[in-house]
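Report on the structure
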Amino acid sequence: MIFFACPYSATLVIEDHEFNSKLIFFCVPPQLILLSVELVQIYEQRLSYFYGWNLIDFSQIVIFFTMFYIDVNQAADQPFL
């Protein structure tokens, strides 16, 4: 949590775009770990995974990687894919 929340929260108050990009790259490994945990839960729980609070965890991952994609595109001024 510390390796994700603290750097990501810092991007809200720091205006230097280059430094923010580095902070967001620092947030990627914890999100990949969370993604792997969620994928294991989906595999084990099957369809019942989507009935509880797990959907919020999974949507956090989707939102983060969407924002990551936007940030990388803005930094490069060209399409990422």
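To be clear, the structure that these remarks concern was listed above.
Describing the pattern of salt bridges
For the coordinates displayed, the defined rule picks out one salt bridge. A salt bridge links lysine 22 to glutamate 18; its shortest N-O distance comes to 3.8 Å. Placement of both lysine 22 and glutamate 18 in helix α2 (residues 17-45) is noted, with a separation of four residues, approximately one turn of the helix. Given the relative accessible area of 53%, lysine 22 is considered exposed. With relative accessibility at 55%, the residue glutamate 18 sits in the exposed group.

Brief notes about the packing of helix α1 (residues 2-10) against α2
Two elements in contact, α1 and α2, have axes separated by 9 Å at closest approach and are oriented at 160°. Taken together, the axes of α1 and α2 lie roughly antiparallel to each other. Where α1 crosses over α2, the handedness of that crossing is left-handed. Judged by residue contacts, Phe3, Phe4, Pro7, Tyr8 and Ala10 of α1 engage Asn20, Leu23, Ile24, Phe26, Cys27, Pro30 and Gln31 from α2. Class assignment for the residues of the contact of α1 with α2 results in ten nonpolar, two polar and no charged.

Some thoughts on α1
Buried within α1 are the following residues: Phe4, Pro7 and Tyr8. Viewed end-on, α1 has its buried residues packed into an arc of 100°, placing them on one side of the element.

Topic: the side chain of aspartate 71
The residue aspartate 71 is located in helix α3 (residues 54-76) in this model. Buried charged residue aspartate 71 carries no salt bridge. Nearest counter-charge: lysine 22, at 12 Å. A distance of 3.2 Å separates the side chain of aspartate 71 from the side chain of serine 21, its partner in a polar contact. Setting aside anything within four residues of it in sequence, one finds aspartate 71 in contact with His17, Ser21 and Ile24.

Considerations on the nonpolar core
Nonpolar side chains in soluble globular proteins generally cluster together in the buried interior. Of all hydrophobic cores here, the largest spans eight residues; its members are Phe4, Tyr8, Ile24, Cys27, Val28, Phe64, Phe68 and Val72. Listing elements by their share of this core, those giving two or more residues are α1, α2 and α3. Contact partners of phenylalanine 68, with chain neighbours within four places excluded, come to Ile24, Phe25 and Val28.

Looking at the environment of phenylalanine 65
Note that phenylalanine 65 resides in helix α3. With relative accessibility at 24%, the residue phenylalanine 65 sits in the partly exposed group. Non-local contacts of phenylalanine 65, meaning those with residues more than four positions away in its chain, are made with Val28, Gln31 and Leu32.

Conventions used here
Residues numbered from 1 in each chain as written. Predicted model: local features only at pLDDT ≥ 70, side-chain atom pairs only at ≥ 80, totals over all residues. Heavy atoms only, no water. Salt bridge = Lys/Arg side-chain N within 4 Å of Asp/Glu carboxyl O. Helix = DSSP H or I, 4+ residues; strand = E, 2+ residues; numbered from the N terminus. Buried < 20%, exposed > 50% of the residue type's maximum accessible area, 1.4 Å probe, protein only. Axes fitted to C-alpha atoms, helices over the stretch in contact; angles between N-to-C directions. Parallel < 35°, antiparallel > 145°, perpendicular 65-115°, else oblique. Left-handed = near helix turned anticlockwise from the far one by under 90°. Contact = heavy atoms within 4.5 Å. Nonpolar A, V, L, I, M, F, W, Y, C, P; charged D, E, K, R; others polar. Arc of directions from axis to C-beta. Lys, Arg positive; Asp, Glu negative; His and termini not counted. Polar contact = N/O pair within 3.5 Å; in protein donor to acceptor, adjacent residues only side chain to side chain. Core = buried A, V, L, I, M, F, W, Y, C linked by side-chain atoms within 4.5 Å.

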